[in-house]
Amino acid sequence: MVISTEIATFYEEKKMRLYIIRHGQTEWNSSYRLQGRTDIPLNESGRELARKTGETFARQGIRFERIYTSPLIRARETAELVSKNNERTELVTPILADLHLQEISFGAMEGERVRDENGVLNVENYIRFFNDPERYLPPEGGESFEALLERTGEFLEMLRQEALSFTEENSCDEDVSDRHSVGNVLISTHGAASRALLANITHCPLRDFWCGGVPKNCAVTIADLEDGVWKIKEQDRLFYD
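Keep in mind that what you see is a predicted model, and the values were worked out from it rather than measured.

Quick look at the pairing of strand β1 (residues 16-22) now. With seven of seven residues buried, β1 lies mostly within the body of the structure. On β1, burial covers both faces: Met-16, Leu-18, Ile-20 and Arg-22 on one face and Arg-17, Tyr-19 and Ile-21 on the other are all buried. With five bridges connecting them, β1 and strand β5 (residues 220-226) associate as antiparallel partners. Bridging from a neighbouring strand, Ile-20 pairs with Thr-221 of β5.

This paragraph deals with the pairing of strand β2 (residues 66-69). Taking every second residue as pointing to the same face, both faces of β2 are buried, with Arg-66 and Tyr-68 on one and Ile-67 and Thr-69 on the other. As defined by bridge partners, β2 adjoins strand β4 (residues 183-189) across four bridges and the pair is classed as parallel. Pairing of Arg-66 across the sheet is with Val-185, part of β4. Where β2 and strand β3 (residues 95-97) come together, three bridges link them in parallel fashion. When the sheet's bridge partners are listed, Ile-67 is paired in β3 with Ile-95.

Between side chains of opposite charge, a pair can form when the charged atoms approach closely. Under the criterion given, the structure shown has 14 salt bridges. With its nearest N and O atoms 3.2 Å apart, the salt bridge here joins Glu-48 to Arg-51. Here Arg-51 and Glu-48 lie together in helix α3 (residues 44-59), a separation of three residues that amounts to about one turn. By relative accessible area, which is 29% here, Arg-51 ends up partly exposed. Across the pair Arg-151 and Glu-143 runs a salt bridge whose closest N-O atoms are separated by 2.8 Å.

Running from amino to carboxyl end, α3 crosses helix α4 (residues 73-82) at an angle of 35°, the nearest separation of the two axes being 7 Å. For α3 against α4, the interelement crossing comes out right-handed. Packed against α3, whose contacting residues are Arg-47, Ala-50, Arg-51, Thr-53, Gly-54 and Phe-57, the element α4 presents Glu-77, Thr-78, Leu-81 and Val-82 at the interface. Class assignment for the residues of the contact of α3 with α4 results in four nonpolar, three polar and three charged.

Moving on, we come to the packing of aromatic side chains. Applying the stated criterion to the full structure yields 17 aromatic pairs. Taking the centre distance of 5.3 Å and the plane angle of 70° together, the rings of Phe-106 and Phe-129 count as edge-to-face. With Phe-106 in the loop between β3 and α5 (124-131) and Phe-129 in helix α5, this pair connects stretches of sequence that are 23 residues apart. What makes Phe-106 buried here is its relative accessible area of 5%. Look at Phe-129 and Tyr-136: their rings are 4.7 Å apart centre to centre, the planes differ by 70°, and that puts the pair in the edge-to-face class. Taken individually, Phe-129 and Tyr-136 each receive the classification buried, so the pair is uniform in this respect. Taken together, Phe-106, Tyr-126, Phe-129, Phe-130, Tyr-136, Phe-145, Phe-209 and Trp-210 form an aromatic cluster joined through their ring pairs. Its guanidinium or amino end placed over the ring of Phe-130, Arg-115 lies 5.0 Å from that ring's centre, counting from NZ or CZ.

What counts as what
Residues numbered from 1 in each chain as written. Predicted model: local features only at pLDDT ≥ 70, side-chain atom pairs only at ≥ 80, totals over all residues. Heavy atoms only, no water. Buried < 20%, exposed > 50% of the residue type's maximum accessible area, 1.4 Å probe, protein only. Helix = DSSP H or I, 4+ residues; strand = E, 2+ residues; numbered from the N terminus. Pairing = 2+ DSSP bridges. Salt bridge = Lys/Arg side-chain N within 4 Å of Asp/Glu carboxyl O. Axes fitted to C-alpha atoms, helices over the stretch in contact; angles between N-to-C directions. Left-handed = near helix turned anticlockwise from the far one by under 90°. Contact = heavy atoms within 4.5 Å. Nonpolar A, V, L, I, M, F, W, Y, C, P; charged D, E, K, R; others polar. Phe/Tyr/Trp six-rings, centres within 6.5 Å; stacked < 30°, edge-to-face > 60°. Lys NZ or Arg CZ within 6 Å of the ring centre and 35° of its normal.

This is the structure:
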């Protein structure tokens, strides 16, 4: 079996690279409604962004050894479209849903519009949510930033431990079909959840949670595991422009 030079290098060095992608656009995105855990599908624009991203990955020879997604349909559909041309082996790479990757819950506020027709925030608590996270107060049934950071941190630690447990004996096997602890991993998630993954890697204070704002739909942040520590290599790259 032939594997790409990039993936072969990851195997040789026992590295793991994460491609953390925010889902494609939905109708609720375009109408400035809070989605959270509400299960809204992609719109046609969102599907096109995901397809173009996947096509660019394929052209660049980027293949995924494992694919994780939030269980919400907009993230899962993004993962399916992005990985359509994966062709890592003759086997299909499974898409694994993980609750750690679902979006922050807005509780009773889900479905509400918090921006005007020009996209300007006009609800005080959500001005704090985006501009002053330390003062954000979750609505009834909502989730805190602290809880979001904890569960996304647990997910990163799970992947880190798996990579660290990958042994030299495994790396010498000729059959690489079961090598799930190294190589490229696609993580399809959401705006706040992707920023929480990033914050866990950079260890930034809560006031800097958004790290340059909400990522665009299908923006990709790339992180490598180096000497047991996650390192950001590229943030919010667009593969569809």
